[in-house]
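As a plain string of letters, each chain reads:
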Amino acid sequence: FFFCVCTGQDSLGNPVPRSHPTHTTTNMLPRVASRQLRSLATVARRQIHVTAASHRVYDNVLQTIGDTPVVKLNRVPTRDDVTVYAKLEYFNPLSSVKDRLAIAVIEDAEKSGALKPGQTIVEATSGNTGIALAMVCAAKGYPLVITMAESFSIERRRVMRALGAKVVLTPAAERGTGMVNKAIELAEKNGWFLTRQFSNPANAAYHASTTGAEILRDFAGKRLDYWVTGYGTGGTFAGAGKVIRAARGDSTKIILTEPDAAALVASGTPQEDGVTHPAWNPHPIQGWTPDFISPLVQEGLDNGLVDELIPISGADAIATSLALASKEGIFTGVSGGATVATALKVAETAPSGSVILAMVPDTAERYLSTPLFENFDAEMDEEEEELAR
């Protein structure tokens with residue numbers, strides 16, 4: 001505890017801080033000291049409860065990854081008898097769930113010896129993984145090269161470059177497969193370390209030991225009827241889903257969601273290596289559902305972790321993201337809007353008393369140049385002009 005020595009008291013004997021110096025004569029010092037002691041004693045007798053989080057000091061930014069909050073949604077859900085929560089992954093230091101992946105794959109490679117001191121790291125990403133890797137590489141001193149399809153938001157490129165990464169753009173027509181193939185090519189050509197986010201078991205393992213463990217801790221002894229997640233690499237789904245299923249069995253239904261325009265899992269068509277899945281079509285939910293089913297997603301499917309698969313439209317995802325911002329103060333991107341939109345669909349038919357948890361992967365600040373913000377101008381609108389008069 002940090003105490004402010006107060007030189008005054010109110011009528012009840014409580015210490016009152018003074019905003020200006022108090023001038024005293026020498027013969028008043030004993031009386032002032034006595035008052036100070038009584039004030040300190042009064043404060044010490046009080047039961048002051050301070051959360052541990054408010055006093056934590058860290059050796060580096062990487063220690064702040066994880067332990068993200070679960071927040072109840074109060075104004076967006078339409079049913080009072082069903083509770084919907086969101087796990088806000090944008091509370092990670094670089095504002096997305098991918099911070100977990102980045103620290104996982106790099107530290108696992110360090111321990112195994114696959115990553116050498118000072119070796120350049122390379123990865124293909126839609127943005128959030130690249131930003132997270134750039135943070136970890138900056139903190140640990142590794143050079144980083146990112147390959148990224150040119151269709152993803154411009155602000156993501158700028159953030160990665162600000163963090164010290166080099167960004168190599170690939171043609172939009174080549175989709176996610178193109179940027180992955182470019183990362184593999186550069187790794188083989190230059191002897192760089194490829195993190196392989198879509199297939200690296202360290203990705204799912206970290207989510208099992210952190211994300212899944214946090215959910216089990218936060219809902220210990222409580223109802224959790226549905227857990228809702230989308231998929232990109234599949235690390236959250238396969239890793240957290242595995243421990244949730246192991247600990248809670250069928251009492252918690254796992255709901256997987258994907259864009260209705262790119263219903264890869266729903267198609268039932270197996271993924272062929274290195275090619276675009278035939279069910280994929282362009283969609284606005286960046287970070288979700290690349291043009292292939294990753295090995296980690298397939299692992300989760302093979303482990304029977306999906307109780308229900310629900311498609312969601314890009315329009316619903318965007319509308320829900322904006323509703324979360326304006327009605328809940330939760331500022332999440334299109335992928336977060338998509339997951340919550342799915343959770344709200346689940347809530348429509350869930351039994352009374354049900355509890356639903358949706359994953360919210362990142363912040364809306366990653367989408368400023370996307371359709372999410374197309375209706376918001378930098379200049380004042382007519383109503384604002386009128387207010388200014």
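Notes on the structure in this doc start here. As the structure is a computational prediction, the values presented were derived from the model and not from experiment.

A short note on the packing of aromatic side chains
Consideration 1: Throughout the structure, instances matching the rule amount to five aromatic pairs.
Consideration 2: When the ring centre of Tyr367 is taken as reference, the NZ or CZ atom of Arg156 above it lies at 4.8 Å.

As for the pairing of strand β10 (residues 253-259)
Consideration 1: Burial runs high along β10: six of the seven residues are buried.
Consideration 2: A crossover links strand β9 (residues 226-229) with its parallel partner β10, the connecting element being helix α8 (residues 235-248), and its sense is right-handed.

Describing the environment of Glu328
Consideration 1: With respect to the element layout, Glu328 can be found in helix α11 (residues 314-328).
Consideration 2: Sequence-wise, Glu328 and Val71 are 257 residues apart; in three dimensions their C-alpha atoms are separated by 9.9 Å.
Consideration 3: In this view, Glu328 contacts Lys72, Leu73, Asn74, Arg75, Val76, Pro77 and Ala323; residues no more than four positions away in its chain are not counted.
Consideration 4: In terms of polar contacts, Glu328 uses its side chain to reach the backbone amide nitrogen of Arg75, at 2.5 Å.

So, unusual backbone geometry
Consideration 1: Positive phi values are uncommon outside glycine, yet Asp67 reaches one of about 55°.
Consideration 2: Within the secondary structure layout, Asp67 lies in the loop between α1 (29-45) and β3 (70-72).
Consideration 3: Even without being a glycine, Arg196 presents a positive backbone phi close to 50°.
Consideration 4: Looking at where Arg196 falls in the secondary structure, it is placed in the loop between β8 (193-194) and α6 (201-209).

A closer look at the pattern of salt bridges
Consideration 1: Counted by the stated rule, this structure contains 13 salt bridges.
Consideration 2: Between Lys140 and Glu110 there is a salt bridge whose closest N-O contact spans 3.2 Å. Remark: Glu110 occurs in helix α2 (residues 98-112) and Lys140 occurs in helix α3 (residues 128-140); sequence separation between them is 30 residues.
Consideration 3: Judged by its relative accessible area of 30%, Lys140 falls in the partly exposed class.
Consideration 4: The exposure class assigned to Glu110 is partly exposed, which follows from its relative accessible area of 29%.
Consideration 5: Several salt bridges converge on common partners, so that one network encompasses Arg56, Asp67, Arg217 and Asp218.

A closer look at the nonpolar core
Consideration 1: Counting 40 residues, the largest nonpolar core has Ile106, Leu115, Ile121, Leu133, Val136, Leu144 and Met160 as the members making the most contacts within it.
Consideration 2: Those elements that place two or more of their residues in this core are α2, β5 (121-124), α3, β6 (144-149), α5 (175-190) and β8.
Consideration 3: Setting aside chain neighbours within four positions, we find Met160 in contact with Thr125, Gly127, Gly130, Ile131, Ala134, Ile146, Met148, Ala165 and Val167.
Consideration 4: Of all hydrophobic cores here, the second largest spans 23 residues; its members include Val76, Leu88, Ile310 and Ala358.

Thresholds, definitions, all that
- Residues numbered from 1 in each chain as written.
- Predicted model: local features only at pLDDT ≥ 70, side-chain atom pairs only at ≥ 80, totals over all residues.
- Heavy atoms only, no water.
- Phe/Tyr/Trp six-rings, centres within 6.5 Å; stacked < 30°, edge-to-face > 60°.
- Lys NZ or Arg CZ within 6 Å of the ring centre and 35° of its normal.
- Buried < 20%, exposed > 50% of the residue type's maximum accessible area, 1.4 Å probe, protein only.
- Helix = DSSP H or I, 4+ residues; strand = E, 2+ residues; numbered from the N terminus.
- Right-handed = clockwise from strand over helix to strand, strands pointing away.
- Contact = heavy atoms within 4.5 Å.
- Polar contact = N/O pair within 3.5 Å; in protein donor to acceptor, adjacent residues only side chain to side chain.
- Salt bridge = Lys/Arg side-chain N within 4 Å of Asp/Glu carboxyl O.
- Core = buried A, V, L, I, M, F, W, Y, C linked by side-chain atoms within 4.5 Å.

Everything listed here is a matter of coordinates, which is why it stays silent on function.
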